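Observations on the three-dimensional arrangement
Take a look at the letters that make up each chain.
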Amino acid sequence: MTSRATPVAQRLVRWGRLTFLGVLGVQLALAIGMSLVDSYRRRGKKPGRFPVTAPRTVSIGDGTVTTYTFGRDLYADMLAAIEGAQMRILFETYIWKADEIGERFKRALADAAARGVEVHCIYDGFANLVVSPRFLRFPPTMKVLRYPVYAAGWRPFDLRRYGRDHRKILVVDDEVGFVGGYNIGSAYETEWRDTHLRITGPAVWDLTRAFVDFWNLNRRRFVGADRRPLLLETSSTWEPRVRFHRNVPRLWMFPIRSMYLEAINRASHKLWMTHAYFIPDQDFVDAMKAAARRGVDVRLLVPLKSNHIVADWISRGYFSQLLDAGVRIFRYKDAMVHAKTSTIDGTWVTVGTANIDRLSLTGNYEINVELIAPDVAAALEEIFATDQANSLELTSGEWEARDLHRKFTEFVLGPLRPLL
């Protein structure tokens, strides 16, 4: 009996493998095909005009927080800070385009280094693969760390070494810091709706520490001979209402997801979230559903069409659950909304670089600032209201009436969620 069963078992295993590979092949082919078609359709098309909220500055203790929703306003203040630097600049970005805006930042940083300012820069190698190598050559007066495309080295099975550096940080003279969703490039200056913060006061020290810790953890990849660690003095004062949470895959630290879940579970009357890419795990969805069912006004704002069409389709797999629970879903039109923000109960706020997906919450290097500050929450709620006015609300009836081919595409792509 054993000898007869063995060939049958082998055939079953072989057919199982072929079926698995066939299904995976269909999923990947569909995803690639959709991306190519979407890219072709977007060629030469410019996004429409969209409403923005002017920068607003509020005080927190001995410091301030300024909100930005338009790249031109943000870049002007970032460049002014760089041009006024006297001692040190810490600059980190995920994408650094070789266009007019990218050149302006590169020139401003190089000029600062030339006048004696200590300039440290970090950018992600994978995110900038299509950027001209000529642009990514920097003067020797700048200290530049290129986070490598492949960071695992001789440890290919060490999952801690595969996260991308998705953070966006600028700290000048340890006195002013910027953090949020904006990358560096001309398209982001006027065509994308994103959110960024400018922070002054004692909280800047923690942002400085975030940069320094990453640099020291990866300084052996520094492009240059001087690989000494950055030194950081201990802060003498703290701002307890402002905290920075950092995902550090190398150390297996992912506090941003925990921060979100704890805050959502404590929400009592209002939870407004804006996310460019929304591909949560089931626990995250359940937390939002539970909040809505206990009477919390839960609203989710996402792009009507993002720059990653596959992510759009995969995220829609959760819409039925959310709508049935009473969550209101708004889809931002006319432009790409790239913000990663949330407010709860008019008091709690987070703004940062982490999307609600596996890559951000349990994969990449990310940073989010958490603020317990009613004035900042009011500013973010005003921004949300402006964005909501430029959005289309998705109703349960509209969602359930979608075409059969849309339901089929969502079903086929659903298993890819854990990869994104």
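Residues numbered from 1 in each chain as written. Predicted model: local features only at pLDDT ≥ 70, side-chain atom pairs only at ≥ 80, totals over all residues. Heavy atoms only, no water.

Quick word on the UniProt feature "domain: PLD phosphodiesterase" (unreviewed entry) in the protein chain
According to UniProt, the "domain: PLD phosphodiesterase" (unreviewed entry) feature falls on residues 161-188 and 333-360. Overall, residues 333-360 shows 11% helix and 43% strand. The separation of its end C-alpha atoms is 24 Å. (UniProt positions renumbered as here; feature names shortened; annotations may be inferred. Helix = DSSP H or I, 4+ residues; strand = E, 2+ residues; numbered from the N terminus.)

Some words on the sheet that holds strand 7 (residues 176-180)
Read from one edge to the other, the open sheet built from eight strands follows the order 1-2-9-7-6-3-4-5, with strand pairing classed as mixed. Strand pairing shows two members of the sheet lacking a second neighbour, strand 1 (56-60) and strand 5 (142-147), which therefore form its edges. Taking the axes of each pair of neighbouring strands and ignoring which way they run, one obtains an average angle of 15 degrees across the sheet. (Pairing = 2+ DSSP bridges. Axes fitted to C-alpha atoms, helices over the stretch in contact; angles between N-to-C directions.)

Looking at the pairing of strand 1
Sheet faces and side chains relate simply in a regular strand, where the side chains alternate between the two faces. Sheet analysis places strand 1 next to strand 2 (residues 63-68), joined by five bridges and oriented antiparallel. Across the sheet, the residue bridging to Val-58 is Val-65, located in strand 2. Between strand 1 and strand 2, which pair antiparallel in sequence order, lie two residues; one of them, Gly-61, sits at a positive phi of approximately 60 degrees.

Examining the sheet that holds strand 12 (residues 297-303)
The strand order 10-17-16-15-11-12-13-18 describes an open sheet built from eight strands, whose pairing is mixed. Of all strands in the sheet, those bounded by a partner on one side alone are strand 10 (242-247) and strand 18 (391-394). Recorded for the sheet is a direction-independent mean angle of 15 degrees between the axes of neighbouring strands. Here strand 11 (residues 270-275) pairs with strand 15 (residues 340-344) via five bridges, running antiparallel. For Leu-271, the partnering residue across the bridge sits in strand 15 and is Ile-344.

Thoughts on the packing of aromatic side chains
Following the criterion strictly, the structure yields 21 aromatic pairs and no others. Plain terms: the ring middles of Trp-96 and Phe-138 are 5.4 Å apart, the flat faces sit at 35 degrees to each other, and that makes the pair tilted. Here the residue Trp-96 occupies a position in the loop between strand 3 (88-93) and helix 3 (100-114), and Phe-138 occupies one in the loop between strand 4 (118-124) and strand 5, the gap between them amounting to 42 residues. Take Trp-96 and Phe-138: they sit in the same class, and that class is buried. On the numbers, 6.2 Å between centres and 45 degrees between planes, the contact of Tyr-123 with Phe-138 is tilted. Pair noted here: Tyr-123 is in strand 4 and Phe-138 is in the loop between strand 4 and strand 5, with a separation of 15 residues, a long-range link. When sorted by exposure, Tyr-123 lands in the same class as Phe-138, which is buried. Through a chain of ring-to-ring contacts, three or more aromatic side chains come together here, namely Tyr-75, Phe-91, Trp-96, Phe-105, Tyr-123, Phe-135, Phe-138 and Tyr-182. A cation over a ring is seen here: Lys-106 above Phe-138, with NZ or CZ 5.2 Å from the ring centre. (Phe/Tyr/Trp six-rings, centres within 6.5 Å; stacked < 30°, edge-to-face > 60°. Buried < 20%, exposed > 50% of the residue type's maximum accessible area, 1.4 Å probe, protein only. Lys NZ or Arg CZ within 6 Å of the ring centre and 35° of its normal.)

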